[in-house]
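Close look at the chain arrangement
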Amino acid sequence: MKKMNIGMIGGGFMGKAHSLAYAGMPMFFWPAPAIPYRKTVVDVTDELAKEAAERLGFENYSSDWRQVVEDPSIDIIDIVTPNDSHAEIAIAAARAGKHIISEKPLARNAAEAKTMLDAVKEAGVKHMVAFNYRRTPAVALAKKYIEEGRIGNILNFRGTYLQDWSADPNSPLSWRFQKKIAGSGALGDIGTHVIDFARYLVSEISDVMAVAKTWIGERPIQSGGVDKLGTVKADADVPKGTVDVDDEFSTLIKFDNGAVGSIEATRNAWGRNNFLTFEIHGDKGSLYFNYERRDELQVCFADDPGDSRGFRTVYTGPAHPYGEGLWPIPALGIGYGETKIIETYDFFKSIVEDTQVSPNFQDGYRIAVISDAILESAEKNSWIKIQGEQLVGAEN
Ligand code: NAI
Ligand code: SOE
């Protein structure tokens, strides 16, 4: 069976998740489109890269991503570094003719994302942006029901992404709080996942009206290494650095197809962990999903008998999207790892079958345009019309 060599740039949290997916994909989806081979992993020092190679199962390691991007034996470049390096690595990888999967957000802002989109288009390589939550089977099932007309015309989408890992002011100054690295805060980090849901499930977003807040203006500087995402608390005497991104935003949205709704995200919501939800109302029914209960899709169909109409739970399993490769009985448990395995499967399939998978750099760019508009709206306290070509579905 064909093998494809991976050069993975970054060996942190997402390095772990993507490595697990490379190892696991053929175990779930067989025959696999091709076998992912973990060839070379890169981190900022040889020491970190060596440790990542041992831990994550890569044959080689390097502290120079440019060398790996130029290596003729590498087929795919996987970008799992913080947001400020996505563009430079992706553009170099595209020019070297590599297929590319990049973590989200695609870039720090729309202008940067556009340079990446232009580069992959010019090079003719396959590209994917890793909004993996849409590959949760229950989310793909919601998409299927919507496409089948089961809930009719969509009237409203309400999406949230609530976490609490940064609610404590003593949790450290992750790169996720620094504009020069992250681009934006809760918006780019987690709000973009909800924007992806909204575009995937409903339609393109046409207008936004937002508020944004930074609740904690400075945080203890961490001493380097992989981010601990709030799990360590600094002592009182640790020097502090400035937070210059949003902790929270809420926005009203209008869609191209006439639907309306809202999106909100915060990492300061005590008690919420990975509370990534949507509720969608159509004129024939409603759907509700919460990632904290990701085996379940709540459905209510208007044509159910009146005396038993109400939300009921569908547990995803073999009868549902991706069921052919996952576990043989519903509710055995879909995890974060499975969403990444499915993502890897679809990406490899697109390469082997010469199609363009979604979400791709067009989607990543478009989501960056919407994110920029949300910040502009919050700053100007006014509705912002989303500019640029409407890209949903193009080249998918
Ligand atoms: P992390 O901080 O845990 O790991 C980043 C790794 O990249 C570190 O090992 C760091 O040393 C390395 N690195 C930094 N600059 C580098 C460079 N120039 N060359 C080589 N290595 C470099 O970060 P994490 O959480 O893995 O985030 C990485 C990306 O993944 C971000 O864009 C983030 O937004 C995204 N992400 C996506 C998630 C999802 O659900 N799809 C979940 C978590 C993160
Ligand atoms: C931190 O908020 C984080 O790791 C995000 O970066 C991811 O995108 C999200 O999936 C989980 O939380």
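Residues numbered from 1 in each chain as written. Chains lettered and ligands numbered in written order. Predicted model: local features only at pLDDT ≥ 70, side-chain atom pairs only at ≥ 80, totals over all residues. Heavy atoms only, no water.

1. Focus: the site of ligand 2
This is how it is decided: One heavy atom suffices: a residue is near a molecule or strand as soon as one of its heavy atoms comes within 4 Å of it. Counting of polar contacts relies on pairs of N or O atoms within 3.5 Å, with two restrictions inside protein: one atom must be capable of donating a hydrogen and the other of accepting it, and residues adjacent in sequence are counted only when both atoms are side-chain atoms. Surface exposure here means Shrake-Rupley accessible area, sampled with a 1.4 Å probe, where a residue is shielded only by the protein chains that are shown. Only protein atoms enter the 1 Å grid used here, on which a cavity is any set of points holding a 1.4 Å probe that cannot leave and a pocket is any open set flanked by protein within 12 Å on both sides along at least five of seven lines; residues with an atom within 4 Å of a point are listed as lining. Just a note on the criterion: a molecule sits in a pocket or cavity if more than half of its atoms are within 2 Å of the grid points. For the purposes of this entry, the term helix denotes a DSSP run of H or I that reaches at least four residues, the term strand denotes a run of E that reaches at least two, and both are numbered from the N terminus. Basically, the charged four are Asp, Glu, Lys and Arg, the nonpolar ten are Ala, Val, Leu, Ile, Met, Phe, Trp, Tyr, Cys and Pro, and anything else, Gly included, counts as polar. Throughout the structure description, domain borders are defined by an automatic or database domain assignment.
Taken together, Phe13, Lys104, Tyr133, Tyr161, Gln163, Trp165, Arg176, Asp189, Ile190, His193 and Leu229 make up the full set of residues near ligand 2. Within the contact set of ligand 2, an oxygen atom lies 2.7 Å away from a side-chain nitrogen or oxygen of lysine 104. In this structure, an oxygen atom belonging to ligand 2 sits 2.5 Å away from a side-chain N or O atom of aspartate 189. For ligand 2, the protein covers 91% of the area, taking 300 Å² as the surface of the free molecule. In a pocket analysis with a 2 Å cut-off to the grid points, ligand 2 is assigned to the largest pocket. Among the elements that line the shell around ligand 2, the one with the most residues is helix 8 (residues 186-201), at 3 residues. In terms of residue class, the shell around ligand 2 is made up of 6 nonpolar, 2 polar and 3 charged. When we break the shell around ligand 2 down by domain, the ones giving at least three residues each are domain 1 (3-133) and domain 2 (136-358 + 368-377).

2. Details of the packing of helix 1 (residues 13-28) against helix 9 (residues 336-352)
The cut-off we apply is this: Helix axes are fitted to C-alpha atoms over the stretch in contact, other axes to C-alpha atoms as well, and angles between N-to-C directions run from 0 to 180 degrees. In what follows, roughly perpendicular refers to angles from 65 to 115 degrees, roughly parallel to angles under 35, roughly antiparallel to angles over 145, and oblique to any angle outside these ranges. With the far helix as reference, a near helix turned anticlockwise by less than a right angle produces a left-handed crossing, and one turned clockwise produces a right-handed crossing. Residue contacts are defined here by distance: any two heavy atoms, one from each residue, within 4.5 Å place the two residues in contact.
Helix 9 packs onto helix 1 with a crossing angle of 70° between their chain directions and a minimal axis gap of 8 Å. Overall, the two elements helix 1 and helix 9 adopt an arrangement that is roughly perpendicular. The hand of the helix 1/helix 9 crossing is right-handed. Across from Met14, Ala17, His18, Leu20, Ala21, Tyr22, Gly24, Met25 and Phe28 in helix 1, the residues of helix 9 making contact are Tyr336, Gly337, Glu338, Lys340, Ile341, Glu343, Thr344, Tyr345 and Phe348. For the contact of helix 1 with helix 9, the residue count by class is 11 nonpolar, 4 polar and 3 charged.

3. Section: the nonpolar core
Cut-off, in case you're wondering: In this text, buried Ala, Val, Leu, Ile, Met, Phe, Trp, Tyr and Cys residues form a nonpolar core when linked through side-chain atoms within 4.5 Å. Burial here depends on accessible area, computed with a 1.4 Å probe over protein chains only, as a share of the maximum for the residue type. Under 20% is buried, over 50% is exposed, and the range in between is partly exposed.
In this structure, Phe157 and Ile205 are the most contacted members of the largest nonpolar core, which totals 108 residues. The leading source of residues in this core is helix 8, at 9 residues. Residue-level mapping places this core at the junction of two domains, with at least three residues from each of domain 1 (3-133) and domain 2 (136-358 + 368-377). Within the second largest apolar cluster, 5 residues are counted, among which are Trp165, Phe177, Val243 and Val245.

4. Quick word on the side chain of glutamine 356
Tracing the chain through its elements places glutamine 356 in the loop between helix 9 and helix 10 (361-380). At 2.5 Å, the side chain of glutamine 356 forms a polar contact with the backbone oxygen of histidine 127.

5. A word on the site of ligand 1
Near ligand 1, the surroundings consist of 27 residues, among which Met14, Asp43, Asn83, Lys104 and Tyr336 are the closest. Taking histidine 86, its side chain carries an N or O atom lying 3.1 Å from an oxygen atom of ligand 1. Tryptophan 175 places a side-chain nitrogen or oxygen 3.1 Å from an oxygen atom of ligand 1. Notes on ligand 1: free accessible area 850 Å², of which the protein chains cover 89%. Comparing atom positions with the cavity grids shows ligand 1 to sit within the largest pocket.

6. Section: the domain arrangement of the protein chain
How big an interface is tends to be expressed through the accessible area that disappears when the partners come together. Note the following rule: By definition, the buried area sums, over both parts, the 1.4 Å-probe accessible area that each loses when the two are put together. Definition used for salt bridges: Asp or Glu carboxyl oxygen within 4 Å of a side-chain nitrogen of Lys or Arg.
Partitioning the protein chain into structural domains gives domain 1 (3-133) and domain 2 (136-358 + 368-377). In this structure, domain 1 and domain 2 have C-alpha centres spaced 23 Å apart. Facing the 40 residues of domain 1 at the interface are 50 residues of domain 2. Interface of domain 1 and domain 2: buried area, both sides summed, is about 3900 Å²; carbon and sulfur atoms make up 71% of it. Of all residues in domain 1, the largest losses of buried area upon contact with domain 2 belong to Phe28, Phe29 and Tyr133, amounting jointly to 25% of the total for that side. Taken together, the connections running from domain 1 to domain 2 amount to 3 salt bridges.

7. Remarks on unusual backbone geometry
Residue tryptophan 30 is joined to proline 31 through a cis peptide bond whose omega torsion reads 0°. Along the chain, proline 31 turns up in the loop between helix 1 and strand 2 (35-42). Along the chain, serine 358 connects to proline 359 via a cis peptide bond; the corresponding omega equals 0°. Tracing the backbone shows proline 359 in the loop between helix 9 and helix 10. A positive phi is found at tyrosine 322, a non-glycine position, where the angle reads about 70°. Within the secondary structure layout, tyrosine 322 lies in the loop between strand 16 (312-315) and helix 9. Classification of tyrosine 322 as buried rests on a relative accessible area of 18%.

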